[in-house]
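Structural overview
Below are the chains, spelled out letter by letter.
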Amino acid sequence: MSVVRRILPLPAPGETAFLSGILRSESVGGLLALVAAVVALVWANSPADAAYHSFVGTDLGPLDLEHWGADGALTLFFFVAGLELKREFVVGSLRRPADALVPVTAALCGVGVPALLFTLVNVTASSGRPAGWAIPAATDIAFALAVLSVVGSRLPQSLRAFLLTLAVVDDLVVIVIIAVVFTDSLHVVDLLVSLALAGLWAMLMRRRVSSTWIYLPIAVGAWWFMHESGVHATIAGVLLGLLTRVRRDPGEAHSPAEDLEHRLFPISAGLAVPFFALVSAGVPISGGGSLLHDPVVVGVVIGLVVGKPVGVLGGTYLLTRLTRAELNEDLTWGQMLGVALLAGIGFTVSLLVSDLSFAGHAADAAKAGVLAASFLTALLGALILRKR
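Structure report, in brief. Keep in mind it's a predicted model, so treat the numbers as computed, not measured. (Residues numbered from 1 in each chain as written. Predicted model: local features only at pLDDT ≥ 70, side-chain atom pairs only at ≥ 80, totals over all residues. Heavy atoms only, no water.)

What follows deals with the overall build of the chain. From N to C terminus, the chain includes 14 helices and four strands. Since a compact globule built from 388 residues should have a radius of gyration of about 21 Å, the 21 Å found for the chain is in line with a globular shape. Taken over the C-alpha atoms alone, the chain extends approximately 70 × 50 × 35 Å along its principal axes. Per-residue burial over the chain gives 54% buried out of 388 residues. Once local pairs closer than 6 in sequence are excluded, the contacts in the chain between residues at least 24 apart make up 82%. Summing over all exposed atoms, the chain offers an accessible surface of approximately 16700 Å²; the carbon and sulfur share of this is 68%. When the 24 basic and 27 acidic side-chain charges of the chain are each reduced to a single mean position, those positions are 13 Å apart. (Helix = DSSP H or I, 4+ residues; strand = E, 2+ residues; numbered from the N terminus. Rg over C-alpha atoms; globule rule 2.2 N^0.38 Å. Buried < 20%, exposed > 50% of the residue type's maximum accessible area, 1.4 Å probe, protein only. Contact = heavy atoms within 4.5 Å. Areas by Shrake-Rupley, 256 points an atom, 1.4 Å probe, with all protein chains shown as cover. Lys, Arg positive; Asp, Glu negative; His and termini not counted. Charge placed at Lys NZ, Arg CZ, Asp CG, Glu CD.)

Pasting the structure below:
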């Protein structure tokens, strides 16, 4: 009698508690970021729009508020993402290659298909801008998990673990894209200083140094020199997160990664991401109907609303057919469709990539597409999962 191989196995008991905690807290952060985005959108399209643009352009030290959001606040967001990545690689779902195969394949297809659809739309249009192909490739882990936590309290834990792993791998791919594609000029000395500070961080972790006052100036220095090198500053956050120790020592209640995530997650979700949304989501939509015909807007919407779920669901289905595996008995393909739609919530990272890809009207058009598509996929995904 042949044994049926099931995909998306249940996480370990400790991992289940961790996932439940993540899902509960993400809903609050996602709601705050949504409120901040709505405030920015209304403010930028009100009679006080000049005040909004003056606000985001206010200089604060070496950067203005808009760049503090993209280069500063999001570095903290990506540092927490780096901690989550490290956790998944070491003690989570990605530590077992067989279990990681499905979400990794789904994530890669969920990056490739939207990018391809965006490119096709913009290559065939006379005024198209194919340079924005990476915009619909990203999944916003905070918003996707926030929607799931609100509508999916009774969904199987394996489905929640799948979405978290999918979003984590998606983040990793987009991080690599940001580092490779959006580095126009490279200042080698600054980059080497940043990498040396990251190496010092790793060495102190190995030597079990625990003083916050030692790590904080190292983190600030690594961030600043990464910014000055020409590589996007958020890469420093990811790098430091990946170099943080995840495994607990004997007798240790929490690892450094767990402590940092516990301390920094509320700041990231409750302050950093909403601040970024406030200074980045103020998109003028006075163009009205013209936005509906803009190939950048069309490409982003098709990429996130159609490309993401087709890529995620298609990659998962294709892998099950090739390996003759079956879904867990507590899962349905309808539930998988709902999660695949949630993967189309681009928001935070897609807004960042919009700023990196374009400037001026094209950036505003891309952001308008991201906001519209993220709202639509969140709504569709929530309706399907609530029904299921």
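Further notes follow.
Let us now look at the pattern of salt bridges. Tallied over the full model, the rule gives eight salt bridges. For R87, the salt bridge identified is with E258, shortest N-O distance 3.7 Å. Within this pair, whereas R87 is found in helix α3 (residues 65–90), its partner E258 is found in helix α10 (residues 256–280), the two being separated by 171 residues in sequence. For the pair shown, R87 and E258 are each scored as buried. Linking E252 and R245 is a salt bridge whose minimum nitrogen-to-oxygen distance equals 3.0 Å. Residues participating in the shared-partner salt-bridge network are R208, R245, D249 and E252. (Salt bridge = Lys/Arg side-chain N within 4 Å of Asp/Glu carboxyl O.)

A few words now on the nonpolar core. The biggest cluster of nonpolar side chains holds 90 residues, and the ones touching the most others in it are F78, F162, L163, L166, F347, V353 and L385. Among the elements that make up this core, the one with the highest residue count is helix α6 (residues 157–181) (13 residues). Counting residues in hydrophobic clusters, the runner-up holds 17 residues, among them F79, W201, L204 and A269. (Core = buried A, V, L, I, M, F, W, Y, C linked by side-chain atoms within 4.5 Å.)

Attention shifts here to the packing of helix α11 (residues 295–323) against helix α14 (residues 361–387). Between α11 and α14, the shortest axis-to-axis distance is 8 Å and the interhelical angle comes to 30 degrees. The angle between the axes of α11 and α14 places the two elements in the roughly parallel class. Crossing handedness for the pair α11 and α14: right-handed. Side by side, α11 and α14 meet where V296, V297, V300, V301, L304 and V305 of the first sit next to A362, A365, A366, G369, V370, A373, S374, L376 and T377 of the second. For the contact of α11 with α14, the per-class residue count stands at 12 nonpolar, three polar and no charged. (Axes fitted to C-alpha atoms, helices over the stretch in contact; angles between N-to-C directions. Parallel < 35°, antiparallel > 145°, perpendicular 65-115°, else oblique. Left-handed = near helix turned anticlockwise from the far one by under 90°. Nonpolar A, V, L, I, M, F, W, Y, C, P; charged D, E, K, R; others polar.)

The next point concerns the packing of α10 against helix α13 (residues 347–357). Two elements in contact, α10 and α13, have axes separated by 11 Å at closest approach and are oriented at 45 degrees. Considering the angle they form, α10 stands oblique to α13. At the point where α10 passes α13, the crossing takes the left-handed sense. Residue-level inspection shows V273, F276, A277 and S280 of α10 in contact with α13, the latter providing F347, T348, L351, L352 and D355. A breakdown of the residues in the contact of α10 with α13 according to their chemical character gives six nonpolar, two polar and one charged.

Under the defined criterion, the tally for this structure stands at eight aromatic pairs. Judged by centre distance (5.7 Å) and plane angle (65 degrees), the rings of Y317 and W333 are edge-to-face. With Y317 in helix α11 and W333 in helix α12 (residues 333–342), this residue pair connects regions lying 16 residues apart in the sequence. Owing to a relative accessible area of 44%, Y317 belongs among the partly exposed residues under this scheme. The class of W333 is partly exposed, set by a relative accessible area of 33%. Taken together through their ring pairs, the aromatic side chains of W43, Y52 and F55 make up a single cluster. (Phe/Tyr/Trp six-rings, centres within 6.5 Å; stacked < 30°, edge-to-face > 60°.)

A separate point is unusual backbone geometry. A positive phi is found at R208, a non-glycine position, where the angle reads about 65 degrees. As for its position among the elements, R208 is in the loop between α7 (188–206) and α8 (212–229). Residues other than glycine seldom take positive phi values, yet F347 does so here, at roughly 35 degrees.

So, on to a nonpolar patch on the surface. On the surface, L31, L34, V35, V38, V39 and V42 cluster together into a nonpolar patch covering about 510 Å² of accessible area. Considering the arrangement of structural elements, one finds V42 in helix α1 (residues 13–44). A relative accessible area of 54% means that V42 is categorised as exposed. (Patch = residues over 30% accessible without salt bridge, like charges linked within 9 Å, V, L, I, M, F, W, Y side chains within 5 Å.)

Looking now at the environment of F347. Inspection of the secondary structure puts F347 in helix α13. Distance in space between the C-alpha atoms of F347 and A281 is 9.1 Å, their sequence separation being 66 residues. If sequence neighbours within four positions are ignored, F347 has contacts with A33, A37, D140, F143, A277, V370, L371 and S374.

Interpretation in functional terms is not warranted from these geometric data alone.
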